Amino acid sequence: MGTTPEARYTPYTLGNMDAIPQLSRLSERRRLAMRAVAHVLPFRTNRYVVDELIDWDNVPDDPMFQLTFPQPGMLEPSDLAHVMTLLREGAARADIRGVADRIRLKLNPHPAGQLEQNVPDLDGEPLPGLQHKYRETLLFFPGRGQTCHAYCTYCFRWAQFVGMEGLKFSQRETETFHEYLRRHTEVSDVLFTGGDPMVMRAWHLRAYIEPLLGEGFEHIRHIRIGTKSLGFHPYKFVTDPDADEMMRLFEDVAKAGKHLAFMAHFTHPRELETPIVQRAIERIRATGAVIRSQAPVVRHVNDSADTWADMWRRQVALGVIPYYMFVERDTGPKSYFELPLARTHAIYRDAFRQVSGLARTVRGPSMSATPGKVLVLGTQKVHGEKVFVLTFLRGRDRDWVGRPFFARYDERATWLDDLQPAFGERRFFFEQVPEDEAPRGRSSGSGLRAVSEPQRA
Ligand SMILES: *Cc1c(COP(=O)(O)O)cnc(C)c1O
């Protein structure tokens, strides 16, 4: 296949947003609002997304448009109006930036201390590009993978894309990454994340992965790559200049007897419909890699059971294994995208009931919170009290996993922090802080927050 102009990766950002011909369909006011939001929250998309995934006859409601373009509702009306006024008046960049920074600080830029937490060290030297929360899984944020082929409007890592969150990288990143893994024989899974590690060239990714296939790394069984590239730039695996080289790297992982788990972020079934993504999936699978899928449930984008059932069915048909359904995190433009836990669970359940057992490999809805990954199993009435039944899929303490626990039903709760223990209990079983030191209640800080970090503004 030759590289057609459509196949070439062509990004659109705030700087060249006006070069997107389809935007002329929108009103002047709407475009100004979009630009205003893009001054606060990161915006990046590309020609494939614009031309192949968005149904412009259905804009602004189109889910792929909602997924990739700034929406006026993502900022509070007064903040949006403020930035729009500055733009209209032709304010200086520095003035706009000052206002944007103040708005960003209100948007909980550091949910659950994402990057500062669980940073391991090598002989006392911290390794900020690594995160080691669960014993057998090491997260690695390669310095060259700190962007994406397009940004999702709901992204929980938005702060790092607007330069708020200085992820520091070691000068000797590759070396320290390998040395850490060599010493930590309890690690079986390495998860490349970002940003999107798949923005890297094949030679670069090889420099990280290849040593793991050789001597000294027998304990590393699974190499995972968390990526949105299949959804946003599938040409990467088919017509990009190093597509074949990338496939050879994946094959080499399989040949070394390791499992390459391609953790694909698919948000909407439309991302699975184009011939190019189907070809990309076929090529990746032909290397022996296994593609698993995960995404959050988000309002305006995929908040319907039929959408999820359709997506899981298409995935199974294409050989992609549904893995996780997440709860949208409590950061950034969450008030625009978030859904009550009760609603998120209803979507999961209704979708799950519709699909073949082969698609029921998916677990959710799951919250990646400070104490661990908490799964909403459902709602129930126990001795007259309506409750949420929850459990840990992963816990800071391994002993927490798989023990059902109960929270008072709250139709408005959107995150773990909003929940209170059921049955008059003073705290959840995993909260060790004595009650008198941590008064409960959302306004005064809950006992849960005493073992976690402040998560809500
Ligand atoms: C989800 C997650 C993992 C991987 O968990 P699995 O259940 O094995 O997919 C590893 N580290 C962190 C910090 C996570 O949030």
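Bear in mind the structure is a predicted one, so any value in this text is a computation, not a measurement.

Enquirer: How should the overall build of the protein chain be read in this particular structure?
Expert: Looking only at helices and strands, the protein chain has 15 helices and 15 strands in total. Expected size for 457 residues packed as a compact globule is a radius of gyration near 23 Å; at 22 Å, the protein chain falls within 12% of this value. Each principal axis of the C-alpha distribution contributes one length, and for the protein chain these read about 65 × 60 × 50 Å. Burial analysis of the protein chain (457 residues in total) assigns 57% to the buried set. Residue pairs at least 24 apart in sequence account for 71% of intrachain contacts in the protein chain once pairs closer than 6 positions are excluded. For the protein chain, the accessible area works out to roughly 19,400 Å², and carbon and sulfur atoms hold 48% of it.

Enquirer: Just checking my understanding: could you explain the pairing of strand β15 (residues 405-408) for this structure?
Expert: Along any regular strand the residues' side chains alternate between the sheet's two faces. The alternating pattern of β15 places Phe405 and Ala407 on a buried face, while none of Phe406 and Arg408, on the opposite face, is buried. Bridging between strand β14 (residues 385-395) and β15 involves four bridges; their strand directions are antiparallel. In the strand pairing of β15, Leu390 is matched with Phe405.

Enquirer: It is not clear to me how the packing of aromatic side chains should be interpreted in this structure. Could you clarify?
Expert: Aromatic ring pairs are reported here in terms of the distance separating the ring centres and the angle at which the planes meet. Inspection of the entire model under this criterion finds 34 aromatic pairs. Considering the side-chain rings of Phe65 and Phe69, the 5.1 Å spacing of their centres and the 20 degrees angle between planes classify their relative orientation as stacked. Overall, Phe69 belongs to the buried group, its relative accessible area being 0%. Grouping aromatic residues by their ring pairs yields a cluster made of Phe392, Trp400, Phe405, Phe428, Phe429 and Phe430. Taking NZ or CZ as reference, Lys228 lies 4.8 Å from the ring centre of Phe232, over its face. In this structure, Arg329 packs its charged tip against the face of Phe156, placed 3.9 Å from the ring centre.

Enquirer: Can you walk me through the nonpolar core in this structure?
Expert: Nonpolar side chains in soluble globular proteins tend to be buried together. By size, the foremost hydrophobic cluster in this structure holds 108 residues, and its most contacted members are Phe69, Phe177, Phe192, Leu230 and Phe250. Split by domain, this core shows at least three residues from each of two domains, domain 1 (5-105) and domain 2 (111-334). Excluding residues that lie within four positions of it along the chain, Phe177 makes contacts with Leu130, Leu138, Phe140, Val190, Phe192, Tyr208 and Leu212.

Enquirer: I tried to follow the site of the ligand on my own but got confused; where do I start?
Expert: In the neighbourhood of the ligand, the contacting residues comprise Lys133, Tyr134, Thr137, Leu139, Arg224, Tyr323, Tyr324, Lys373 and Arg394. In the model, an oxygen atom of the ligand is placed 2.7 Å from a nitrogen or oxygen of the Tyr323 side chain. Contacts to the ligand include Tyr324, whose side-chain N or O atom sits 2.5 Å from an oxygen atom. Residue assignment for the shell around the ligand shows that the elements contributing at least two residues are β5 (130-134), β6 (137-140) and β11 (321-327). Of the residues contributing to the shell around the ligand, the split by class is four nonpolar, one polar and four charged.

Enquirer: Which parts of the structure should I look at to understand the environment of Ser188?
Expert: Along the chain, Ser188 falls in the loop between α7 (173-183) and β7 (189-192). Overall, the relative accessible area of 14% leaves Ser188 in the buried class. C-alpha of Ser188 to C-alpha of Arg412: the two residues are 224 residues apart in sequence and 39 Å apart in space. With sequence-adjacent residues up to four places away left out, Ser188 is seen in contact with Glu136, His219, Ile220, Arg221 and His222. One polar contact links Ser188 to Asp189, side chain to side chain, over a distance of 2.7 Å.

Enquirer: Could you clarify how one ought to interpret the environment of His259 in this entry?
Expert: Tracing the chain through its elements places His259 in strand β9 (residues 259-265). Accessibility expressed as a relative area gives 25% for His259, which makes it partly exposed. Sequence spacing of His259 and Met74 is 185 residues, and the spatial spacing of their C-alpha atoms is 39 Å. In this view, His259 contacts Arg221, His222, Ile223, Val253, Val290 and Arg292; residues no more than four positions away in its chain are not counted. Within the local environment of His259, its side chain forms a polar contact with the side chain of Arg292, the two groups lying 3.0 Å apart.

Enquirer: Mind showing me how you'd approach the pairing of β14 here?
Expert: In the sheet, strand β13 (residues 372-382) pairs with β14 via ten bridges, with the strands oriented antiparallel. Bridging from a neighbouring strand, Gly372 pairs with Gly395 of β14. Where β13 folds back onto β14 in an antiparallel hairpin, the turn is made up of two residues, including His383, whose phi is positive at roughly 45 degrees.

Enquirer: What is the right way to read the state of the cysteines from this model?
Expert: In total, this model carries zero disulfides according to the counting rule given. Just so you know, Cys148 is unpaired, no disulfide at all, and the nearest cysteine sulfur is the one on Cys155, 6.3 Å from it. When its relative accessible area of 11% is taken as the criterion, Cys148 is described as buried. Residue class for Cys155 comes out buried when judged on its relative accessible area of 15%.

Enquirer: So what exactly am I meant to see when it comes to the pattern of salt bridges here?
Expert: Side-chain pairs of opposite charge can arise whenever the charged atoms involved come near each other. Inspection of every chain in the model, using the stated rule, returns 23 salt bridges. Residue Arg35 pairs with Asp18 through a salt bridge whose shortest N-O separation is 4.0 Å. Of this pair, Arg35 sits in helix α1 (residues 28-38) while Asp18 sits in the loop between β1 (11-13) and α1; the two residues are 17 residues apart in sequence, bridging distant segments of the chain. Look at Arg35 and you get partly exposed, because its relative accessible area is 21%. A salt bridge links Arg172 to Glu175; the nearest nitrogen and oxygen atoms lie 3.2 Å apart. What emerges from the salt-bridge pattern is a single network uniting Asp123, Glu179, Arg182 and Arg183.

Enquirer: Mind showing me how you'd approach the domain arrangement of the protein chain here?
Expert: Many analyses report the size of an interface as the accessible area lost when the parts associate. Taken domain by domain, the protein chain holds domain 1 (5-105), domain 2 (111-334) and domain 3 (370-457). Of note, the centres of domain 1 and domain 2, computed from C-alpha atoms alone, are 26 Å apart. In this complex, domain 1 contributes 28 residues to the contact, which on the side of domain 2 involves 29 residues. Carbon and sulfur atoms supply 68% of the area buried between domain 1 and domain 2, which totals about 2,400 Å² over both sides. When the area that domain 1 buries against domain 2 is broken down by residue, the three leading residues are Pro42, Tyr48 and Leu67, summing to 28%. The tally of links between domain 1 and domain 2 comes to one salt bridge. With a closest N to O distance of 2.7 Å, Asp62 and Arg270 form a salt bridge.

Calculation notes
- Residues numbered from 1 in each chain as written.
- Predicted model: local features only at pLDDT ≥ 70, side-chain atom pairs only at ≥ 80, totals over all residues.
- Heavy atoms only, no water.
- Helix = DSSP H or I, 4+ residues; strand = E, 2+ residues; numbered from the N terminus.
- Rg over C-alpha atoms; globule rule 2.2 N^0.38 Å.
- Buried < 20%, exposed > 50% of the residue type's maximum accessible area, 1.4 Å probe, protein only.
- Contact = heavy atoms within 4.5 Å.
- Areas by Shrake-Rupley, 256 points an atom, 1.4 Å probe, with all protein chains shown as cover.
- Pairing = 2+ DSSP bridges.
- Phe/Tyr/Trp six-rings, centres within 6.5 Å; stacked < 30°, edge-to-face > 60°.
- Lys NZ or Arg CZ within 6 Å of the ring centre and 35° of its normal.
- Core = buried A, V, L, I, M, F, W, Y, C linked by side-chain atoms within 4.5 Å.
- Domains from an automatic or database assignment.
- Near = heavy atom within 4 Å.
- Polar contact = N/O pair within 3.5 Å; in protein donor to acceptor, adjacent residues only side chain to side chain.
- Nonpolar A, V, L, I, M, F, W, Y, C, P; charged D, E, K, R; others polar.
- Disulfide = S-S within 2.5 Å.
- Salt bridge = Lys/Arg side-chain N within 4 Å of Asp/Glu carboxyl O.
- Buried area = accessible area lost by both parts, 1.4 Å probe.

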